[in-house]
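Residues per chain, in single letters:
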Amino acid sequence: MASPQILFSVFIMFLYVFGTFVSGQFTKFNKLVLPLEVTGPESAAFGGLLVNGPFTTVTDGRIMKWKGSKIGFVDFAYTSPQRTKELCDGTTNSDMGPICGRPLALSFHPITGLLYIADAYFGLLVVGPGGGLATQLAGGFKFLSGIDVDLLTGNIYFSDVSLTYTIRDTTQPGFKPDSTGRFMRYNPFTRQVSVLLSGLNGGGGPAVSSDGTFVLVPELTGSRISKYWLVGPKANTAEFLLNIANPNKIKRAGRSGEFWVAVSVGFIPPAPLITPKGVRINSNGVVVQTVEFDKEFANKTISLVQEQNGKVYVGSRFTNFIGVYSN
Ligand SMILES: *[C@@H]1O[C@H](CO)[C@@H](O)[C@H](O)[C@H]1NC(C)=O
């Protein structure tokens, strides 16, 4: 007969395994709904204890801020000096992007209180805690898509999709993606942009590891993720990490050393049915968890899976809400 101690530890083990299984499945669902006629919350950033949020970017060019369920989302910032509310608010016309702005990714620096923005047309920008018109830090890009601040150095890592096509071109008949995407760094002290990797099968958003030793770089159309080393013997080189279907933005997960990847299986090349998922990976590229979003984001591509205070926030170009999954 097993001793009481063994039975007890088996019982504890059972509780542990069963408990984490049940608590980690993100089965509760909620929506943070955008105002009427506003769509496409593709990205999100949280501002820490005092600022809250989330902030999000939407199709009509605004950056909006969540003010709680009573108020909802309100205007926070914008990227184009020519943008007017009359012309742009609520527009889904992709020809308006060069006038209204088309922010696609956000990253907040909690120490300086600055919100960094990657805009498809207006490049790399920054805006202070008061919001309003953002200041351009670097321009001349065709199609920026991702951004992440290294919280330890203040360096900004960002990516563009292509040297040849813009976001508008991607919806044209016969469009074919190319391999001219880049991964770059902006140094806020020297104000210099350095190209770290080029020839990428573009798109998605990079994420710096919480210890600042590497950056994960996705290739949305290339269906893989690379690891770019910042320090150590392999510094300034990239290595293949894993193949994964159409990875868009990568974000640090709640557990240190882990990341969430927004995955849209069947996006490119186009399949009859798109399967949106959140895939949690560790720093070695091992998949730790997969959460399916196909009930709430049926047949839609997603751009963002971001964990905040034990909840997972999901953003898509094709919804009027940010999905919030919790336990
Ligand atoms: C999924 O979306 C695509 C593109 O809009 C459409 O052609 C297809 O019929 C959809 N599939 C299902 C199963 O709804």
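Parameters and conventions
- Residues numbered from 1 in each chain as written.
- Predicted model: local features only at pLDDT ≥ 70, side-chain atom pairs only at ≥ 80, totals over all residues.
- Heavy atoms only, no water.
- UniProt positions renumbered as here; feature names shortened; annotations may be inferred.
- Disulfide = S-S within 2.5 Å.
- Helix = DSSP H or I, 4+ residues; strand = E, 2+ residues; numbered from the N terminus.
- Buried < 20%, exposed > 50% of the residue type's maximum accessible area, 1.4 Å probe, protein only.
- Pairing = 2+ DSSP bridges.
- Near = heavy atom within 4 Å.
- Polar contact = N/O pair within 3.5 Å; in protein donor to acceptor, adjacent residues only side chain to side chain.
- Areas by Shrake-Rupley, 256 points an atom, 1.4 Å probe, with all protein chains shown as cover.
- Salt bridge = Lys/Arg side-chain N within 4 Å of Asp/Glu carboxyl O.
- Contact = heavy atoms within 4.5 Å.
- 1 Å grid on protein atoms, 1.4 Å probe; cavity = no way out; pocket = protein on both sides within 12 Å on 5 of 7 lines; lining within 4 Å.
- Points joined across faces, edges and corners; volume = space filled by probe spheres on them.
- Nonpolar A, V, L, I, M, F, W, Y, C, P; charged D, E, K, R; others polar.
- Axes fitted to C-alpha atoms, helices over the stretch in contact; angles between N-to-C directions.
- Core = buried A, V, L, I, M, F, W, Y, C linked by side-chain atoms within 4.5 Å.

- Per an unreviewed UniProt entry, the protein is named Strictosidine synthase conserved region domain-containing protein, and its organism is Lactuca saligna.
- Heading Subcellular location (unreviewed entry) of the UniProt record for the protein holds this comment: "Vacuole".
- Quoted verbatim from the Sequence similarities (unreviewed entry) heading of the UniProt record, the comment on the protein is "Belongs to the strictosidine synthase family."

1. Some points on the state of the cysteines
Consideration 1: Scanning all chains against the criterion turns up 1 disulfide.
Consideration 2: Between the sulfur of Cys88 and that of Cys100 lies a disulfide, 2.1 Å long from S to S. On the sign convention where negative means left-handed, the S-S torsion of about -80° between Cys88 and Cys100 marks this disulfide as left-handed. Taken as a pair, Cys88 in helix α3 (residues 85-88) and Cys100 in helix α4 (residues 97-100) lie far apart in primary sequence, 12 residues in all. Here the two residues Cys88 and Cys100 agree in accessibility, since each one is buried.

2. A closer look at the sheet that holds strand β9 (residues 132-133)
Consideration 1: Pairing within the open sheet is mixed, and its 5 strands lie in the order β2-β3-β4-β5-β9. Of all strands in the sheet, those with a lone pairing partner are β2 (43-45) and β9, marking the two edges.
Consideration 2: As paired elements, strand β4 (residues 62-66) and strand β5 (residues 73-78) share 5 bridges and run antiparallel to each other. Residue pairing across strands places Arg62 opposite Tyr78, the latter belonging to β5.

3. Concerning the UniProt feature "domain: Strictosidine synthase conserved region" (unreviewed entry) in the protein
Consideration 1: Per the UniProt record, "domain: Strictosidine synthase conserved region" (unreviewed entry) is annotated on residues 147-232.
Consideration 2: Annotation note: span residues 147-232, helix share 0%, strand share 44%, distance between end C-alpha atoms 23 Å.

4. Quick notes on the site of the ligand
Consideration 1: Around the ligand, the structure places Pro272, Leu273 and Asn299.
Consideration 2: At 3.0 Å from a nitrogen atom of the ligand is found a main-chain nitrogen or oxygen belonging to Pro272.
Consideration 3: Between an oxygen atom of the ligand and a side-chain N or O atom of Asn299, the distance comes to 2.3 Å.
Consideration 4: Protein burial of the ligand: of its 360 Å² of free accessible surface, 25% is covered by the chains.

5. Remarks on the pattern of salt bridges
Consideration 1: According to the stated counting rule, one finds 15 salt bridges in the structure shown.
Consideration 2: Here Asp95 and Arg168 are joined by a salt bridge, their closest N and O atoms 3.6 Å apart. With Asp95 in the loop between α3 and α4 and Arg168 in the loop between β12 (156-160) and β13 (181-187), this pair connects stretches of sequence that are 73 residues apart.
Consideration 3: Since its relative accessible area comes to 47%, Asp95 is described here as partly exposed.

6. Side note on the environment of Gly24
Consideration 1: You can see Gly24 is positioned in the loop between α1 (4-23) and β1 (28-33).
Consideration 2: When near neighbours in sequence (up to four residues on either side) are disregarded, Gly24 contacts Gln289 and Asn327.

7. Thoughts on empty space enclosed by the protein
Consideration 1: Taken as a whole and judged by the stated rule, the model has 1 cavity of 30 Å³ or more.
Consideration 2: Within this model, the largest cavity holds a volume of roughly 40 Å³.
Consideration 3: Secondary-structure elements contributing two or more residues to the lining of the largest cavity are β12 and β16 (214-219).
Consideration 4: Of the residues in the lining of the largest cavity, the class split is 4 nonpolar, 4 polar and 2 charged.

8. Some remarks on the sheet that holds strand β24 (residues 311-315)
Strand pairs in the sheet, formed through backbone hydrogen bonds, run parallel or antiparallel to each other.
Consideration 1: Taken together, the 4 strands give an open sheet; going across it, the order is β1-β25-β24-β23, and neighbouring strands pair in antiparallel fashion. Because the sheet does not close on itself, it has two edges, and the strands there are β1 and β23 (304-308). If you compare each strand with its neighbour and ignore which way they point, the axes differ by 25° on average.
Consideration 2: Examined bridge by bridge, β23 and β24 share 5 bridges and lie antiparallel to one another. Its bridge partner being in β24, Gln306 is matched across the sheet by Tyr313.

9. A few points about the nonpolar core
Taken as a class, soluble globular proteins show a tendency for nonpolar side chains to be buried jointly.
Consideration 1: Counting 20 residues, the largest nonpolar core has Ile63, Phe76, Leu106, Leu115, Ile117, Val127 and Phe143 as the members making the most contacts within it.
Consideration 2: Those elements that provide at least two residues to this core are β5, β6 (103-109), β7 (114-119) and β8 (123-127).
Consideration 3: Of the residues forming this core, the biggest block, 3 residues, is contributed by β6.
Consideration 4: For Ile117, the residues in contact, after removing those within four places along its chain, are Ile63, Thr79, Pro103, Ala105, Leu106, Gly123, Leu124, Leu125, Val127, Ala134 and Ile147.

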